[in-house]
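Each chain, written out:
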Amino acid sequence: MRSQILVIDDDEKITSLLRRSLAFEGYEVITAPNGLEGLKLMMNTDPDLLILDVMMPHVDGWEVAKRVREGGSSVPILMLTAKDEVRDRVKGLDIGADDYLVKPFALEELLARVRALLRRKSDKMEGSANRLVYEDLALDLDSREAIRAGRSFELTSKEFDLLYLFMQNPRRVLTRETIMEKIWGYDFSGESNVLEVYIAMLRQKTEEGGGKRLIQTVRGTGYVLKGEVG
């Protein structure tokens, strides 16, 4: 079965290019010329991937991504923007985007990002267990909630992906480069502290109420899910 990709962009040239190129690669492509039309399509379809332009009139890409996540969808989101600033990237990722590509972009790179996002989605769906557990922390793969010591808390899309990665690899030290590749698909190192921000947010949620630290820092290397340092 072909993967379906929804492209939301008010630039007809970009939309036409993506429609032809993605269809040539074997994907089923549906398009919307603005955020409002795109949200309507999201309500009536269940795409495997959303390619979303940021700068659109009336309802911009950030607002679309926000509403998609608030609606409970975990569809991978690749955002396109003419803005090449770290704060804009972080804003998109915080809202729930999975990847970020700056215009003008190389078509080959976009296709590689699409393949990576669809591959990660497929990998998640292949897991047979509906819940991962480490000590008193559990991650429900259906509700995308985390539960610790009987207390449940919600996770953003990226927080879920990050905690999922740690809980798939308990006690294994994950380098910063490995985490960036697995979660974002490319290396942010040297550009921002986005990984450190997400680690801090996960720690705040998992340690609320006095829970001991589970996500440990391995200096000069990365992070590890481990109950005790040492």
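Residues numbered from 1 in each chain as written. Predicted model: local features only at pLDDT ≥ 70, side-chain atom pairs only at ≥ 80, totals over all residues. Heavy atoms only, no water.

## Focus on the nonpolar core
1) Next: If you look at the biggest cluster of nonpolar residues, it comprises 30 residues, and the most contacted ones within it are Leu-139, Leu-162, Phe-166 and Ile-179.
2) Next: Listing elements by their share of this core, those giving two or more residues are strand E6 (131–134), strand E7 (137–140), helix H6 (157–168), helix H7 (176–183), helix H8 (194–206) and strand E12 (222–225).
3) Next: With seven residues, H6 is the largest single contributor of residues to this core.
4) Next: Among all residues touching Phe-166, those that are not within four sequence positions of it are Leu-174, Ile-179, Ile-199, Ile-215, Tyr-223, Val-224 and Leu-225. (Core = buried A, V, L, I, M, F, W, Y, C linked by side-chain atoms within 4.5 Å. Buried < 20%, exposed > 50% of the residue type's maximum accessible area, 1.4 Å probe, protein only. Helix = DSSP H or I, 4+ residues; strand = E, 2+ residues; numbered from the N terminus. Contact = heavy atoms within 4.5 Å.)

## Brief notes about the packing of aromatic side chains
Any pair of aromatic rings gets described here by the distance separating the centres and the angle formed by the planes.
1) Next: Scanning the entire structure with this criterion turns up one aromatic pair.
2) Next: Between the aromatic rings of Phe-160 and Tyr-164, the centroid separation amounts to 6.0 Å while the plane-to-plane angle is 15°, which identifies the pairing as stacked. Of this pair, Phe-160 and Tyr-164 both sit in helix H6, four residues apart, which is roughly one turn of that helix. As far as burial versus exposure is concerned, Phe-160 and Tyr-164 are alike and both buried.
3) Next: Positioned above the aromatic ring of Phe-160 is the side chain of Arg-144, whose terminal nitrogen or guanidinium carbon lies 3.8 Å from the ring centre. (Phe/Tyr/Trp six-rings, centres within 6.5 Å; stacked < 30°, edge-to-face > 60°. Lys NZ or Arg CZ within 6 Å of the ring centre and 35° of its normal.)

## As for the sheet that holds strand E3 (residues 49–53)
1) Next: Taking strand neighbours across the sheet as the criterion, the five strands line up as E2-E1-E3-E4-E5 in an open arrangement whose pairing is parallel. Lying at the two open borders of the sheet, with one neighbouring strand each, are strand E2 (28–32) and strand E5 (99–102). Averaged over all pairs of adjacent strands, the angle between their axes in this sheet comes to 20°, without regard to strand direction.
2) Next: One ladder, built from four bridges, connects E3 with strand E4 (residues 77–81); its direction is parallel. Bridge pairing links Asp-53 to Leu-80 in E4.
3) Next: Taken strand by strand, helix H2 (residues 35–44) contacts strand E1 (4–8) and E2, and its axis lies near 160° from that of E1. (Pairing = 2+ DSSP bridges. Axes fitted to C-alpha atoms, helices over the stretch in contact; angles between N-to-C directions.)

## Some thoughts on the confidence of the model for the protein
1) Next: Per-chain confidence: the protein averages 85 in pLDDT, with 90% of residues scoring 70 or above.
2) Next: The least confident element of the protein, judged by mean pLDDT, is helix H4 (residues 86–95) at 75; the most confident is E1 at 96. (pLDDT = per-residue confidence, 0-100.)

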